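What follows is each chain in one-letter form.
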Amino acid sequence: MYSPDRYVAALRFAAERHRDQLVPGTQLPYLVHLVSVTSEVIAALAVEHDADLATCAALLHDTIEDTGASRGDIAQAFGPSVAAGVEALSKDKLMAKGEAMTDSLARIKTQPREIWMVKLADRITNLAPPPSNWSREKCAAYRDEASSIADALGAASVQLDSRLRARIASYGSYC
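All values derive from a computational prediction rather than experimental measurement.

Asks: Before we move on, could you go through helix H2 (residues 31-44) and cite the residues and values that matter?
Replies: With 14 residues, H2 should reach 20 Å at 1.5 Å per residue; the first-to-last C-alpha distance of 20 Å fits that figure. Among the residues of H2, those classed as buried are His 33, Leu 34, Val 37, Thr 38, Glu 40, Val 41 and Ala 44. Summarising the axial view, the buried residues of H2 lie within an arc of 155°, below the 170-degree limit, and thus occupy one face. Among the structural elements, helix H1 (4-17), helix H3 (51-60), helix H8 (113-126) and helix H10 (158-171) are those in contact with the buried residues of H2.

Asks: Help me get a handle on the pattern of salt bridges, residues and values and all.
Replies: Under the criterion given, the structure shown has 11 salt bridges. Notably, a salt bridge pairs Arg 165 with Asp 151, separated by 3.0 Å at the nearest N-O pair. Of this pair, Arg 165 sits in helix H10 while Asp 151 sits in helix H9 (residues 136-153), and the two are 14 residues apart along the sequence. Accessibility expressed as a relative area gives 57% for Asp 151, which makes it exposed.

Asks: I'd like to hear about the state of the cysteines, residue by residue, with values.
Replies: This model, assessed by the stated rule, comprises 0 disulfides. Left unpaired, Cys 175 is separated from the closest cysteine sulfur, that of Cys 139, by 5.3 Å.

Asks: Give me the lowdown on the side chain of Thr 63, citing residues and values where you can.
Replies: Here Thr 63 shows up in helix H4 (residues 63-66). Judged by relative accessible area, which is 0%, Thr 63 ranks as buried. Among the polar contacts made by the side chain of Thr 63, one reaches the main-chain carbonyl oxygen of Leu 60 at a distance of 2.8 Å. Sequence-distant contacts of Thr 63, that is, excluding residues within four places in its chain, are made with Phe 13, Arg 17, His 18, Ala 69 and Ile 74.

Asks: Describe the packing of aromatic side chains, and please don't skip the residues or the numbers.
Replies: Taken as a whole and judged by the stated rule, the model has 4 aromatic pairs. By the ring-pair criterion, three or more aromatic residues cluster together here, those being Trp 134, Tyr 142, Tyr 171 and Tyr 174. A cation sits over an aromatic face here: Arg 113 above Trp 116, 4.3 Å from the ring centre. The cationic tip of Arg 123 hangs over the ring face of Tyr 142; the distance from NZ or CZ to the ring centre is 4.0 Å.

Asks: How would you explain helix H6 (residues 80-89) if you had to name every residue and give the values?
Replies: For the α-helix, the turn length of 3.6 residues means that residues three or four positions removed from each other point alike. Of all 10 residues in H6, 7 are buried; the element is thus mostly enclosed. For H6, every residue scored as buried is listed here: Val 82, Ala 83, Ala 84, Gly 85, Val 86, Ala 88 and Leu 89. Its buried side turned inward, H6 meets H1, H3, H4, helix H5 (71-78), helix H7 (97-108) and H8.

Asks: With reference to specific residues and values, describe the packing of H7 against H9.
Replies: Two elements in contact, H7 and H9, have axes separated by 11 Å at closest approach and are oriented at 20°. One finds that H7 runs roughly parallel with respect to H9. Remark: the crossing between H7 and H9 carries right-handed chirality. Between H7 and H9, the contacting residues are Lys 97, Met 101, Leu 105 and Ile 108 on the first element and Glu 145, Ser 148, Ile 149, Ala 152 and Leu 153 on the second. Class assignment of the residues belonging to the contact of H7 with H9 gives a composition of 6 nonpolar, 1 polar and 2 charged.

Asks: How would you explain the packing of H3 against H6 if you had to name every residue and give the values?
Replies: Axis angle and axis distance: for two packed helices, these are the angle between their axes and the distance between the axes, and together they describe the pair. Axis separation between H3 and H6 bottoms out at 9 Å; the angle between their running directions is 45°. With respect to each other, H3 and H6 are oriented oblique. For H3 against H6, the interelement crossing comes out right-handed. Taken together, the residues of H6 that come into contact with H3 (itself represented by Leu 53, Cys 56, Ala 57 and Leu 60) are Ser 81, Val 82, Val 86 and Leu 89. When grouped by side-chain class, the residues that make up the contact of H3 with H6 number 7 nonpolar, 1 polar and no charged.

What counts, and where the lines are drawn
- Residues numbered from 1 in each chain as written.
- Predicted model: local features only at pLDDT ≥ 70, side-chain atom pairs only at ≥ 80, totals over all residues.
- Heavy atoms only, no water.
- Helix = DSSP H or I, 4+ residues; strand = E, 2+ residues; numbered from the N terminus.
- Expected span 1.5 Å × (residues − 1).
- Buried < 20%, exposed > 50% of the residue type's maximum accessible area, 1.4 Å probe, protein only.
- Arc of directions from axis to C-beta.
- Contact = heavy atoms within 4.5 Å.
- Salt bridge = Lys/Arg side-chain N within 4 Å of Asp/Glu carboxyl O.
- Disulfide = S-S within 2.5 Å.
- Polar contact = N/O pair within 3.5 Å; in protein donor to acceptor, adjacent residues only side chain to side chain.
- Phe/Tyr/Trp six-rings, centres within 6.5 Å; stacked < 30°, edge-to-face > 60°.
- Lys NZ or Arg CZ within 6 Å of the ring centre and 35° of its normal.
- Axes fitted to C-alpha atoms, helices over the stretch in contact; angles between N-to-C directions.
- Parallel < 35°, antiparallel > 145°, perpendicular 65-115°, else oblique.
- Left-handed = near helix turned anticlockwise from the far one by under 90°.
- Nonpolar A, V, L, I, M, F, W, Y, C, P; charged D, E, K, R; others polar.

Treat this as a map of the structure, not an account of what it does.
Here's what the structure looks like:
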C-alpha cells in the first residue's frame, strides 16, 4: 500500500544524497530528474501494483550508482525490497557500458514489475533533448539502448511502454 510518509522520506533521502548534483547538460538540481521519473511511475500505477515500492525505488533509483549511499543504507531506511530494487536499477560501474546495461536489465527482470516500471520511466525522462556535446552517433546509440529497454521491460506497463516507444520515435530527430 502507498505511504505518503515513506514517499516524503525517500524524497528527502534522495535530495540529501544528490544535493550537489545537476541534471546533465542543465543547471537544474538532479532532484528534478528523480521527481520526473517518479511522476511517470505514479501515472502508470494500477491498483494491483505496489505504489510504495514503485515510488520509493523511483526516487532512490540513482542513489547507489551516483552517491555514496549503499544498499545497506537504503535497506535500513526503506527496507530490503526497496534496497534490492534500487540495487538492480544500478549499473555496475566496473563493467563495460554495453555489458553493464545487459547485466542491469537481467537483474531488473528478477525484481517485481514495479522496478521494471522505474527503468521504463527513467528512460522516458532521459529521452529529452540530449546534451549539446553529444554526437549523432551517441544519440543513436542511446535511442537504440532505449529500444532494448522497452523490448526487455515493456510488459510491466502498457502505458509506460507506449510512452517510451513514442519518445524513442521522436528522439530520432536528434540522431
